[in-house]
Amino acid sequence: MPRTTTLEAPGCPPFRALTFDVLGLVKVVEARSNQGGIPKVVDVWGKPDASQCVLAASSNDREFDPLVAVARKSGLVEVLSPINGDVRASIPNSSQSDIQPQDAIAGLHMFRKHRSELSSRSCTLLTCTTRGHASLRSVEVPEVPGDSFSGDTPTKWNVCGAGDIPAKNSLDIFTPTWFTSATFLNKDDHRKFVAGTNSHQVRLYDISAQRKPVISFDFRETPIKAVAEDLDGNTVYVGNGSGDLASIDIRTGLDCYLRIWDIKSRQLLSAVFLKQHLTNVVFDSHIGNEEIAVSGAPLPPKEQRDANATADRNVEDSGRDAEESDRDTEESLPVKRKKKSKEHSGSKKLKFKKRGKKLKEESINAS
């Protein structure tokens, strides 16, 4: 069967990423210089379980004691250590008792802290469900994994009056669906059909099941221009406005690859096959830090963390005071006039002497 054309990837710079999939697995993908810039799966956390599918993920991505929050299909929000995968806290959906079971978490965000708050182990989580039930809460993460966590009473509100939260485009604007092409998945079954949209989405509809798409995913970045079915009844061919072509097995949806692109040249650097369908990816920007790179690195005690945070604040304050002192010194210095050079003053005196001598000669000649 025809597939998307495979090109030679030049490799990518060092990076570390955590991928999340439909079976609830967390996979650590790294590319190191000693691996020739080829990313590889170096660790897998968790056991395959469809009920633990990861719906959303967010990381504070800080250098010291980083955390990543994961929202699962079961309704739990877990706070993990991106270093070794330890579950630091397991939080039930705060609004789970007030909503229907099918109202799963659609969005999750972990807020980053200011430098003055780095000594604290608390984290603030914002969640929102499909029906628009939002919740904001602060959680104190225990130092020892497995200990009970503490947190304040969550703040709840509703961001959607009725129905589900609609999707937004790249400009953060709600737009109606613009269909550009469609085809039946099987000529003998007119209940299932595949449609392409102007927002580069491919959707599978089954009118016997529901009015909403059964499967919906993005394909590249330009509008879908054509879709066509295969004789096997499971494969569709997709083409977009940029000339990209692909064949997709609609039974499985995406192709289970993590792809790394260069945003400047828009060149594909590398791709990793991860077996399961991906739902989220978070990157670790502190790949060069040895404490983050080494899995299971011990954390310093609370007193040392407080001292480090205080030292950082003192360094910032001393640097700010030094800049202000230099600025005040420059403003208080008197402005000195530029001294005339001896050479310049001597040449001026010589000009006066020549002019006096010339006047004297003219007076003698006149007499």
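Above: the structure in question.
A brief look at the structure comes next. The model shown is predicted, which means the values in this text are computed figures rather than measured ones. Note on numbering: residues in each chain are counted from 1, in written sequence order. With the structure being a predicted model, the display of local features is reserved for residues of pLDDT at least 70 and the display and counting of side-chain atom pairs for 80 or more, all residues being used for whole-chain, interface and lining totals. Derived side-chain values reflect all non-hydrogen atoms in the structure, with water molecules and hydrogen atoms excluded from consideration.

**Structural notes on the overall build of the protein**
- Of the regular secondary structure elements, the protein holds 3 helices and 22 strands.
- Two residues form a contact once any of their heavy atoms are found within 4.5 Å. Put simply, of all contacts in the protein between residues at least 6 apart along the chain, 45% involve residues at least 24 apart.
- Only the protein chains shown count as cover for residues, and the accessible areas themselves come from Shrake-Rupley with a 1.4 Å probe. Of the roughly 23,300 Å² of accessible surface on the protein, a fraction of 53% belongs to carbon and sulfur atoms. Runs of E in the DSSP output that reach at least two residues are strands. Runs of H or I that reach at least four are helices, and both are numbered from the N terminus.

**Focus: the sheet that holds strand 14 (residues 189-197)**
- With antiparallel pairing, 4 strands are arranged side by side in an open sheet as 13-14-15-16. Here the strands that pair on one side only, and so sit at the sheet edges, are strand 13 (179-186) and strand 16 (215-218). Neighbour-to-neighbour, the strand axes of the sheet open up by a mean angle of 20°, direction not taken into account.
- Bridging between strand 15 (residues 201-206) and strand 16 involves 4 bridges; their strand directions are antiparallel. If you follow R203 over to strand 16, its bridge partner there is S216. Strands qualify as paired when DSSP identifies two bridges or more between them. Here an axis means a line fitted to C-alpha atoms, over the contact stretch when the element is a helix, while the angle between two N-to-C directions is reported on a 0 to 180 degree scale.

**Brief notes about the pairing of strand 18 (residues 235-240)**
- Relative accessible area decides the class of each residue, using a 1.4 Å probe on protein chains only: under 20% of the type maximum gives buried, over 50% gives exposed, and in between gives partly exposed. Among the 6 residues in strand 18, 5 count as buried, and that is most of the element.
- Pairing geometry for strand 17 (residues 224-229) and strand 18, over 5 bridges, is antiparallel. From the neighbouring strand, A226 faces strand 18, where its bridge partner is G239.
- Hairpin geometry of strand 17 and strand 18 is characterised by an intervening segment of 5 residues between the two adjacent antiparallel strands and by a positive phi of about 80° at G233.
- Judged from the 5 bridges that link them, strand 18 and strand 19 (residues 245-249) form a sheet pairing that is antiparallel. Bridge pairing in strand 19 places Y237 opposite S247.
- From the end of strand 18 to the start of strand 19, which pair antiparallel, there are 4 residues, and G243 there has a positive phi angle of about 90°.

**Observations concerning the packing of aromatic side chains**
- The pairing test for Phe, Tyr and Trp rings, Trp by its six-membered ring, is centres within 6.5 Å, and the orientation test on the planes gives stacked under 30 degrees, edge-to-face over 60, and tilted for anything in between. Tallying each qualifying case throughout the model produces 4 aromatic pairs.
- Relative to Y205, the ring of F179 lies with its centre 6.2 Å away and its plane at 65°, an arrangement referred to as edge-to-face. Within this pair, whereas F179 is found in strand 13, its partner Y205 is found in strand 15, the two being separated by 26 residues in sequence.
- Given the relative accessible area of 42%, F179 is considered partly exposed.
- Note on F193 and Y205: the rings are 5.2 Å apart at their centroids and 10° apart in plane angle, and the pair reads as stacked.

**Brief notes about the environment of D21**
- Mapped onto the elements, D21 comes out in strand 1 (residues 15-21).
- In sequence terms D21 and L278 are 257 residues apart; their C-alpha atoms lie 4.2 Å from each other.
- With residues up to four places along the chain from it excluded, the contact list for D21 reads K27, C53, V54, Q276, H277, L278 and T279.
- Whenever two N or O atoms come within 3.5 Å, that pair is a polar contact, provided that in protein one can donate a hydrogen and the other can accept it, and provided that, for residues adjacent in sequence, both atoms are side-chain atoms. Among the polar contacts listed, one links the side chain of D21 to the backbone nitrogen of L23, at a separation of 3.0 Å.
- Looking at D21, its side chain comes within polar contact range of the main-chain nitrogen of G24, at 3.2 Å.

**Quick word on the environment of V26**
- Along the polypeptide, V26 turns up in strand 2 (residues 26-31).
- According to the relative accessible area criterion, V26 is buried, its value standing at 2%.
- Taking the C-alpha atoms as reference points, V26 and W45, 19 residues apart in sequence, are found 5.0 Å from one another.
- Contact partners of V26, with chain neighbours within four places excluded, come to L18, T19, F20, D43, V44, W45, R72 and L80.

**Points about the pattern of salt bridges**
- Just to be clear on terms, a salt bridge is a Lys or Arg side-chain nitrogen sitting within 4 Å of an Asp or Glu carboxyl oxygen. On inspection of all chains with the given rule, the structure shows 10 salt bridges.
- E30 is the salt-bridge partner of R16, the closest N and O atoms lying 2.9 Å from each other. Linking R16 in strand 1 with E30 in strand 2, this pair joins segments that are 14 residues apart in sequence.
- By relative accessible area, R16 is classed as buried at 4%.
- Overall, the relative accessible area of 10% leaves E30 in the buried class.
- In this structure, D189 and R191 form a salt bridge, with 3.1 Å as the shortest nitrogen-oxygen distance.
- A residue is classified by how much of its surface remains accessible, and R191, at 44% relative accessible area, is partly exposed.
- Taken together, the salt bridges that share partners define one network made up of R16, E30, R32 and D284.

**Side note on the sheet that holds strand 4 (residues 54-59)**
- In spatial order, the strands read 4-5-6-7; together these 4 strands make up an open sheet with antiparallel pairing. Edge positions in the sheet fall to strand 4 and strand 7 (87-92), since each of these pairs with one other strand and no more. The average angle at which neighbouring strand axes cross in this sheet is 20°, direction not considered.
- Sheet analysis places strand 5 (residues 68-72) next to strand 6 (residues 76-80), joined by 4 bridges and oriented antiparallel. Among the inter-strand pairings, V70 is bridged to a residue of strand 6, identified as E78.

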